[in-house]
Amino acid sequence: MVRPRSPQVGDRPRVLSGMRPTGRLHLGHLVGALENWVKLQEQYDCFFFVADWHALTTDYADTGKINEHTLQMVTDWLAAGLDPEKATFFIQSRVPEHAELHLLFSMITPLGWLERVPSYKEQREQIRDKDLGTYGFLGYPVLQAADILIYKANYVPVGEDQAAHVELTREIARRFNSIYTEVLPEPGVLLTTTPKLPGLDGRKMSKSYGNAIDLADDEETVRKKISGMLTDPQRKRRNDPGRPEICPVFGYHRRYSKPEVIARVDSECRTAAIGCVECKGLMADHLVVALEPIRERRRKYAEQPRMVWDILVEGSRKAQRSARETLGQVREAMKLVFDFERPEKSRAAAATAARVHTSR
Ligand code: TRP
Ligand code: SF4
């Protein structure tokens, strides 16, 4: 059966981004990526994917949770407002064309380019509990280049830490285009610049630090977590004046509270007119309201995991159609297309053979 082509929604430029399947997402993911993705889906032809092969580059020995983490993560994507009517969601390993392009790129990517990627050196030094001296870990940015270029993405929304990878993607595209023929457009970076929300203890919000507010947390949990949040450490007693600019609670106010509340906290904290307990309560009131629609959507999807899987299955099919198209052009450019794959050539050859036959 020939499937009808999904209609290209206008000629919108294409955006692609991926996330490793880490399970439930938290407020840091929402502010640092998902809110941006939700906006982008209105304007661009967006492809968002579960980067399960990327997870293997560091966690190859620990694959037991990929299925569960994928479901949880994508449930949170949908909860955040990502919409399968507007964007395409898929699982990397369900579009194995990424792997073929990765292999072809690996032939033309100089080792020096990979050894120079800043996150490579950093992670090799920092991560000591697993052996990252693998082929796959070094080649990680090549896989990322394949992820991006196989969809001819025009833009890649990423945080600062990923910008070097997109730069390498551009270099690989240039090298491919110059060795063979011009097939792959160079993608641009859309840097996500929203100010980060600190974790409950003031450090970067991270699951592994245990300082996160999860999108799946209910109201009571959110309030409890906030009541235990770190404040200005100099404000030990109720009467000590505080410094909102260094207090993580104030960072949340700035993002979620009404302007008059922000102004009030800003001044009353400095004079100890407001106490931290009240201040946190005010902030929690706002945050809980902001998270309510997310929790509501989450409940709906969490009750029907089948719906989430269907979205990924359908999206993976659609992504695969697009990936195959590019891969066809790549094979063509690299002269990896054979006569038997060209109906015109086989027919012409057959016709010649037939003519030779009948003229005899
Ligand atoms: N490397 C990204 C991360 O760890 C995930 C990722 C993989 C990605 N391929 C991508 C992001 C392509 C953007 C585009 O967060
Ligand atoms: Fe932080 Fe609010 Fe306490 Fe000031 S009053 S230190 S802003 S929690």
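Residues numbered from 1 in each chain as written. Chains lettered and ligands numbered in written order. Predicted model: local features only at pLDDT ≥ 70, side-chain atom pairs only at ≥ 80, totals over all residues. Heavy atoms only, no water.

Caption draft 1: Here's a closer look at the overall build of the protein chain. Each helix and strand counted, the protein chain has 15 helices and 5 strands in total. Along the three orthogonal principal directions, the C-alpha set of the protein chain runs to about 110 × 45 × 35 Å. Taking all 360 residues of the protein chain together, 44% fall into the buried category. The long-range fraction of contacts in the protein chain, counting pairs at least 24 apart against all pairs at least 6 apart in sequence, stands at 78%. Side chains of the protein chain carry 54 positive and 49 negative charges; the gap between the two charge centres is 2 Å. (Helix = DSSP H or I, 4+ residues; strand = E, 2+ residues; numbered from the N terminus. Buried < 20%, exposed > 50% of the residue type's maximum accessible area, 1.4 Å probe, protein only. Contact = heavy atoms within 4.5 Å. Lys, Arg positive; Asp, Glu negative; His and termini not counted. Charge placed at Lys NZ, Arg CZ, Asp CG, Glu CD.)

Caption draft 2: Local environment of the environment of Arg124. Examined against the element boundaries, Arg124 turns out to sit in helix α6 (residues 118–126). For the pair Arg124 and Leu138, spaced 14 residues apart in sequence, the C-alpha separation works out to 9.7 Å. Setting aside residues up to four positions removed in sequence, Arg124 forms contacts with Leu132, Gly133 and Phe137.

Caption draft 3: Representation of unusual backbone geometry in the model. For Lys152, which is not glycine, the phi dihedral falls at a positive 50°. Of note, Ala272 is a non-glycine position whose phi angle comes to about 60°, a positive value. Secondary-structure assignment places Ala272 in the loop between α12 (259–270) and α13 (276–303). Taking relative accessible area as the criterion, Ala272 reaches 12% and is therefore assigned buried.

Caption draft 4: A look at helix α8 (residues 140–149). With 10 of 10 residues buried, α8 lies mostly within the body of the structure. Along α8, the residues that are buried comprise Tyr140, Pro141, Val142, Leu143, Gln144, Ala145, Ala146, Asp147, Ile148 and Leu149.

Caption draft 5: Expanded view of the domain arrangement of the protein chain. For the protein chain, the assigned domains are domain 1 (14–197 + 305–341) and domain 2 (217–299). In this structure, domain 1 and domain 2 have C-alpha centres spaced 36 Å apart. The partner domain 2 presents 9 residues to the 14 residues of domain 1 that form the contact. Note on domain 1 versus domain 2: buried area summed over both sides is about 920 Å², and carbon and sulfur give 58% of it. When residues of domain 1 are sorted by the area they lose upon contact with domain 2, Leu27, Ala79 and Leu197 head the list and together hold 52% of the total. Taken together, the connections running from domain 1 to domain 2 amount to 2 salt bridges. Counting across the interface, domain 1 meets domain 2 through 4 residue pairs in polar contact (both at pLDDT 80 or more). Counting only elements with at least two residues in the side of domain 1 that touches domain 2, the list comes to α1 (27–43) and α3 (66–79). (Domains from an automatic or database assignment. Buried area = accessible area lost by both parts, 1.4 Å probe. Salt bridge = Lys/Arg side-chain N within 4 Å of Asp/Glu carboxyl O. Polar contact = N/O pair within 3.5 Å; in protein donor to acceptor, adjacent residues only side chain to side chain.)

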